[in-house]
Amino acid sequence: MDMRKVPIAVIAALAVQTAGALVWAGGAAARIATLEDRVGEHRQVAERLARLEEQSKATRAAVERMETRLERGA
């Protein structure tokens with residue numbers, strides 16, 4: 001058996017495995033980037049919803065004050 005063939009086969013196997021790992025890591029990085037974008041979008045929606053809830057509470061309080069004044073005056 002030639003001693004040069006074994007190291008070449010090992011090197012080739014390592015090269016193929018390394019290439020596969022790099023391809024997998026690139027795909028994982030792309031998926032993570034997509035998920036980060038989605039989280040950012042959801043965060044913006046959550047902030048807008050919180051502002052709308054606060055505006056709704058303020059409007060409700062104003063309406064209640066108006067109703068109270070109208071009931072007193074009637």
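Residues numbered from 1 in each chain as written. Predicted model: local features only at pLDDT ≥ 70, side-chain atom pairs only at ≥ 80, totals over all residues. Heavy atoms only, no water.

Turning our eyes to something else, we now look at the overall build of the protein chain. Along the backbone of the protein chain there are one helix and zero strands. Computed over C-alpha atoms, the radius of gyration of the protein chain comes to 32 Å, more than 25% over the 11 Å expected from 2.2 N^0.38 for 74 residues, which places it beyond the range of a compact globule. Within the protein chain, the proportion of its 74 residues that are buried is 1%. For the protein chain, the computed accessible surface area is about 7000 Å², with 63% contributed by carbon and sulfur atoms. (Helix = DSSP H or I, 4+ residues; strand = E, 2+ residues; numbered from the N terminus. Rg over C-alpha atoms; globule rule 2.2 N^0.38 Å. Buried < 20%, exposed > 50% of the residue type's maximum accessible area, 1.4 Å probe, protein only. Areas by Shrake-Rupley, 256 points an atom, 1.4 Å probe, with all protein chains shown as cover.)

This part covers the pattern of salt bridges. As enumerated under the stated definition, the model contains one salt bridge in all. Lys-57 serves as the salt-bridge partner of Glu-54, at 3.6 Å between the closest nitrogen and oxygen. Of this pair, Glu-54 and Lys-57 both sit in helix 1 (residues 5–73), three residues apart, roughly one helical turn. (Salt bridge = Lys/Arg side-chain N within 4 Å of Asp/Glu carboxyl O.)

Moving on, we come to the environment of Trp-24. Along the chain, Trp-24 falls in helix 1. Along the primary structure Trp-24 and Gln-55 are separated by 31 residues, whereas in three dimensions their C-alpha atoms are 47 Å apart.

Position of Ala-25 among the secondary structure elements: in helix 1. What makes Ala-25 partly exposed here is its relative accessible area of 36%. Here the alpha-carbon distance between Ala-25 and Glu-53, two residues 28 residues apart in the chain, equals 42 Å.

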